[in-house]
Amino acid sequence: MHLTRRLLTTAAAVTAVLATVLSAAPPTPAAPCTSTWQAVQKVAVRRPAWNEGPVATTRSPIVRYLHRGERVRSCIVAVGRSSWSQYRECGGGSLWRVVPGGQVPSGCLRRT
């Protein structure tokens, strides 16, 4: 009898959890990136080397250049924690915006 009561209690708990999960609204898809940024000056787009980690550094290879006034789309910011990820151009800092092709110092972009 004790085992039967425990099984009924467990079954009721599982049923309640399943009802809650199944009645929840389905997840909505992520919104596309619509943030556009404009380059303040000519700036290098850098891609981190294989041994540098996920954030670009001042030693990262240059992929291309953004020219003054060029617009790019970016919704992600990479935060550099090492001293090599600190940049001096455009006021300095350690925040890098992820743009198509690589990363650009965040201070060199202005939101449009």
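Rules and cut-offs
Residues numbered from 1 in each chain as written. Predicted model: local features only at pLDDT ≥ 70, side-chain atom pairs only at ≥ 80, totals over all residues. Heavy atoms only, no water. Phe/Tyr/Trp six-rings, centres within 6.5 Å; stacked < 30°, edge-to-face > 60°. Buried < 20%, exposed > 50% of the residue type's maximum accessible area, 1.4 Å probe, protein only. Lys NZ or Arg CZ within 6 Å of the ring centre and 35° of its normal. Core = buried A, V, L, I, M, F, W, Y, C linked by side-chain atoms within 4.5 Å. Helix = DSSP H or I, 4+ residues; strand = E, 2+ residues; numbered from the N terminus. Contact = heavy atoms within 4.5 Å. Patch = residues over 30% accessible without salt bridge, like charges linked within 9 Å, V, L, I, M, F, W, Y side chains within 5 Å. Areas by Shrake-Rupley, 256 points an atom, 1.4 Å probe, with all protein chains shown as cover. Salt bridge = Lys/Arg side-chain N within 4 Å of Asp/Glu carboxyl O.

S.K.: Explain the packing of aromatic side chains to me, and be specific about the residues and the numbers.
M.R.: By the definition in use, this model includes one aromatic pair. With centroids separated by 5.4 Å and ring planes inclined at 75°, the aromatic side chains of Y87 and W96 adopt a geometry described as edge-to-face. Residue classification places Y87 among the buried positions, given a relative accessible area of 5%. On the accessibility criterion, W96 (0% relative accessible area) is buried. A cation over a ring is seen here: K42 above Y65, with NZ or CZ 4.7 Å from the ring centre.

S.K.: Give me the nonpolar core: which residues, what numbers.
M.R.: By size, the foremost hydrophobic cluster in this structure holds 10 residues: W37, A39, V43, V45, L66, V72, V99, V104, C108 and L109. Elements that contribute at least two residues to this core include exactly β1 (36-39) and β2 (43-46). Among all residues touching C108, those that are not within four sequence positions of it are Q38, A39, V40, Q41, V43, E89 and C90. Residues V55, A78, Y87 and W96 belong to the second largest nonpolar core, which totals five residues.

S.K.: Got a sec to walk through the environment of R88? Specific residues and values, please.
M.R.: Inspection of the secondary structure puts R88 in the loop between β5 (76-79) and β6 (95-99). Judged by its relative accessible area of 80%, R88 falls in the exposed class. Here the alpha-carbon distance between R88 and P105, two residues 17 residues apart in the chain, equals 9.1 Å.

S.K.: Which residues make up a nonpolar patch on the surface, and what values do they have?
M.R.: Residues V77, V79 and L95 make up a contiguous nonpolar surface patch of about 200 Å² in total accessible area. Take V79: it is sitting in strand β5. Given a relative accessible area of 35%, V79 falls into the partly exposed group.

S.K.: Which residues make up the pattern of salt bridges, and what values do they have?
M.R.: Tallied over the full model, the rule gives one salt bridge. Note that R64 is salt-bridged to E70, the shortest N-O span being 3.3 Å.

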